[in-house]
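Residue-level listing of the chains:
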Amino acid sequence: MKLVTYLHPETSAARIGALTADLSEVVDLANSAKALGRASDALTSMLALIEADEAGLTLAKAALEHGTRAENSFLRLPLASLKLLAPVPRPTQMRDFLSFERHVQGCRTTRFKHRTKGMPDAQQQWEAYVAAGGLKLAPVWYEQPIYYKGNRMSVIGHEQDVHWPHYSNLLDYELEFGILIGRGGKNISRENARQHIFGFSIFNDISARDAQARESDGQLGPCKGKDFDTGNVIGPWLVTADELPDPYNLVLTARVNGEEWSRGHSGEMAHRFEDMIAHVSQDETLYPGEFFGSGTVPGGCGLELDRWLQRGDVIELEVQGLGVLRNRIV
């Protein structure tokens, strides 16, 4: 299923729904289940549905089937008429990982070449930097998944505006996707980790690069480089795990104002979601509704490309099997 959280056009209340097969309509899951005589609190929010585990999914599938077939049009709404929120508007927790080696190397390359631009020996400095292992990540990166905790209160969804933080002059997108934890647990083995994934969604980790660069010298963070309202974008919907049998064979694309800027592949993830779950859950309980970001694919941000967003730009992130996430910078 492709699940959404949307604002009802008449009441403005947040409700959850599932897309019909042609992606043109949304079945209101609570109303459809009620029409079946199976009203349930599990369909009052996406987090409630996730917490209900397999029983919730079974009920949601029955509601989707009924709503798709039913002649009662009040069970379905045109997708184009709805304002979508993030699938889980306030995730239980947010972690974003650094899983693509070439992304880090690309960022380091841009930064180094900016520092040496115009110097007569710039090429020699670059060659010496590479020879000295400047593009090699710290050993710990190869040994375990590395992540930071994001601001779960600043999450927005598809077609919602991203507000440029006043203290930044360099705003950037990051082309990612991620998982929502379904079944919680502690000390989860890598072999069992996949059954703890409820579903997948696209993630745009908006970053204030100048603030992030300044804070990095403090050896703790990121801070205001990531933490500002509307800085975490998830959507357009949540694709349940059964619809994506191989998340490590996906093409990811970013477009700005219709022009392709980035293209990457999930197969380059050095640490996969199963590794993340096993690592994070060591002596720490994971809870339903937690979000794990994949990290940025190689070439998946303006910093790597040395191309920068402007106010008014429209960013589209497309991930194979997960749809298109679109937002405007204001």
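Residues numbered from 1 in each chain as written. Predicted model: local features only at pLDDT ≥ 70, side-chain atom pairs only at ≥ 80, totals over all residues. Heavy atoms only, no water.

Visitor: Teacher, can you tell me more about the overall build of the protein here?
Guide: Along the backbone of the protein there are nine helices and 18 strands. Relative to the compact-globule value of 20 Å for 330 residues, the protein shows a C-alpha radius of gyration of 21 Å, a close match. Projected onto its principal axes, the C-alpha positions of the protein cover 75 × 45 × 30 Å. Counting only residues that meet the buried cut, the protein has 54% of its 330 residues in that class. Sequence-distant contacts, at least 24 apart, represent 75% of the contacts inside the protein between residues at least 6 apart. Looking at charge distribution, the protein has the averaged site of its 34 positive side-chain charges lying 1 Å from that of its 43 negative ones. (Helix = DSSP H or I, 4+ residues; strand = E, 2+ residues; numbered from the N terminus. Rg over C-alpha atoms; globule rule 2.2 N^0.38 Å. Buried < 20%, exposed > 50% of the residue type's maximum accessible area, 1.4 Å probe, protein only. Contact = heavy atoms within 4.5 Å. Lys, Arg positive; Asp, Glu negative; His and termini not counted. Charge placed at Lys NZ, Arg CZ, Asp CG, Glu CD.)

Visitor: Help me understand the packing of aromatic side chains, please; the structure alone is not making it clear to me.
Guide: To describe a pair of aromatic rings, one takes the distance between the centres and the angle between the planes. Taken as a whole, this structure holds eleven aromatic pairs when the rule is applied. Considering the side-chain rings of Phe-112 and Tyr-129, the 4.3 Å spacing of their centres and the 20° angle between planes classify their relative orientation as stacked. Taken as a pair, Phe-112 in helix H4 (residues 101-116) and Tyr-129 in helix H5 (residues 122-131) lie far apart in primary sequence, 17 residues in all. Overall, the relative accessible area of 8% leaves Phe-112 in the buried class. With 5.3 Å between their ring centres and 85° between their planes, Phe-177 and Phe-273 make a pair best called edge-to-face. Within this pair, whereas Phe-177 is found in strand S10 (residues 175-181), its partner Phe-273 is found in helix H8 (residues 273-280), the two being separated by 96 residues in sequence. Using a relative accessible area of 0% as the deciding quantity, one classes Phe-273 as buried. One aromatic cluster in this structure is built from Phe-177, Phe-200, Tyr-248 and Phe-273. Over the ring of Trp-126 we find Lys-113, and its NZ or CZ is 4.8 Å from the ring centre. When the ring centre of Trp-164 is taken as origin, the NZ or CZ atom of Arg-311, which lies over that ring, is 4.0 Å away. (Phe/Tyr/Trp six-rings, centres within 6.5 Å; stacked < 30°, edge-to-face > 60°. Lys NZ or Arg CZ within 6 Å of the ring centre and 35° of its normal.)

Visitor: It is not clear to me how the side chain of Glu-316 should be interpreted in this structure. Could you clarify?
Guide: Note that Glu-316 resides in strand S17 (residues 314-319). A distance of 2.8 Å separates a polar atom in the side chain of Glu-316 from a polar atom in the side chain of Arg-326. Residue contacts for Glu-316: discarding those within four places in its chain leaves Thr-253, Ala-254, Arg-255, Val-324, Leu-325 and Arg-326. (Polar contact = N/O pair within 3.5 Å; in protein donor to acceptor, adjacent residues only side chain to side chain.)

Visitor: How should I be thinking about the layout of surface pockets in this particular structure?
Guide: Taking a probe equal in size to a water molecule and rolling it over the atoms shows the remaining empty space. The space that makes up the largest pocket amounts to roughly 990 Å³. Taken together, 31 residues form the lining of the largest pocket, with Leu-98, Val-104, Gln-212, Ser-216 and Pro-222 sitting closest to its centre. Only strand S6 (93-97), H4, helix H6 (139-143), strand S7 (147-149) and helix H7 (209-216) provide two or more residues apiece to the lining of the largest pocket. Counted by class, the lining of the largest pocket contains 15 nonpolar, seven polar and nine charged residues. (1 Å grid on protein atoms, 1.4 Å probe; cavity = no way out; pocket = protein on both sides within 12 Å on 5 of 7 lines; lining within 4 Å. Points joined across faces, edges and corners; volume = space filled by probe spheres on them. Nonpolar A, V, L, I, M, F, W, Y, C, P; charged D, E, K, R; others polar.)

Visitor: Just checking my understanding: could you explain unusual backbone geometry for this structure?
Guide: If a residue is not glycine, its phi is most likely negative; likewise, a peptide bond is most likely trans. Following Gly-221, the chain continues into Pro-222 via a peptide bond in cis, with omega recorded as 5°. Locating Pro-222 in the fold gives a position in the loop between H7 and strand S13 (232-240). The omega angle of the peptide bond from Gly-235 to Pro-236 is -5°, so this bond is cis rather than trans. Relative to the helices and strands, Pro-236 is located in strand S13. The residue Glu-159 is not glycine, and still its phi comes out positive at about 65°.

Visitor: Sorry, what's going on with the side chain of Glu-290 here?
Guide: Note that Glu-290 resides in strand S16 (residues 290-293). Within the local environment of Glu-290, its side chain forms a polar contact with the side chain of Arg-95, the two groups lying 2.4 Å apart. When neighbours within four sequence positions are excluded, Glu-290 is seen to be in contact with Thr-92, Gln-93, Arg-95, Ile-179, Leu-180, Ile-181 and Thr-285.

Visitor: What's the story with the pairing of S6 in this structure? I'm lost.
Guide: Strand residues, when the strand is regular, have side chains that alternate between the two faces of the sheet. For S6, the buried fraction is high: four of the five residues fall into the buried class. Summarising the sheet, S6 and S16 pair through four bridges and their orientation is parallel. Residue pairing for S16: Gln-93 is matched across the bridge by Glu-290. Where S6 lies against S7, three bridges are found, and the strand directions are antiparallel. Across the sheet, the residue bridging to Phe-97 is Tyr-147, located in S7. (Pairing = 2+ DSSP bridges.)

Visitor: Looking at this structure, how should I read the environment of Ile-179?
Guide: For Ile-179, the position within the fold is in strand S10. Along the chain, Ile-179 and Ile-197 lie 18 residues apart, while their C-alpha atoms are 6.5 Å from each other. In contact with Ile-179, not counting residues within four places along its chain, are Ile-197, Gly-199, Phe-200, Phe-273, Ile-277, Glu-290, Phe-291 and Phe-292.

Visitor: Is there a simple way to explain H8 in this structure?
Guide: Along an α-helix, residues three or four positions apart point the same way, because every turn accommodates 3.6 residues. Where burial is concerned, most of H8 is hidden: eight out of the eight residues are buried. Residues of H8 that are buried include every one of Phe-273, Glu-274, Asp-275, Met-276, Ile-277, Ala-278, His-279 and Val-280, and no others. At its buried positions, H8 is contacted by S6, S7, S10, strand S11 (197-205) and S16.

Visitor: Mind showing me how you'd approach the packing of H4 against H5 here?
Guide: When two helices pack together, you describe them by how their axes are tilted relative to each other and by the distance separating the axes. Look at H4 against H5: their axes get within 10 Å of each other, and the N-to-C directions meet at 145°. Both H4 and H5 take part in a crossing whose hand is right-handed. Contacts from Arg-108, Thr-109, Phe-112, Lys-113 and Thr-116 of H4 reach H5 at Ala-122, Gln-125, Trp-126 and Tyr-129. Looking at the contact of H4 with H5 residue by residue, the class counts come to four nonpolar, three polar and two charged. (Axes fitted to C-alpha atoms, helices over the stretch in contact; angles between N-to-C directions. Left-handed = near helix turned anticlockwise from the far one by under 90°.)

From the geometry alone we can't say anything about function, so treat these as descriptive.
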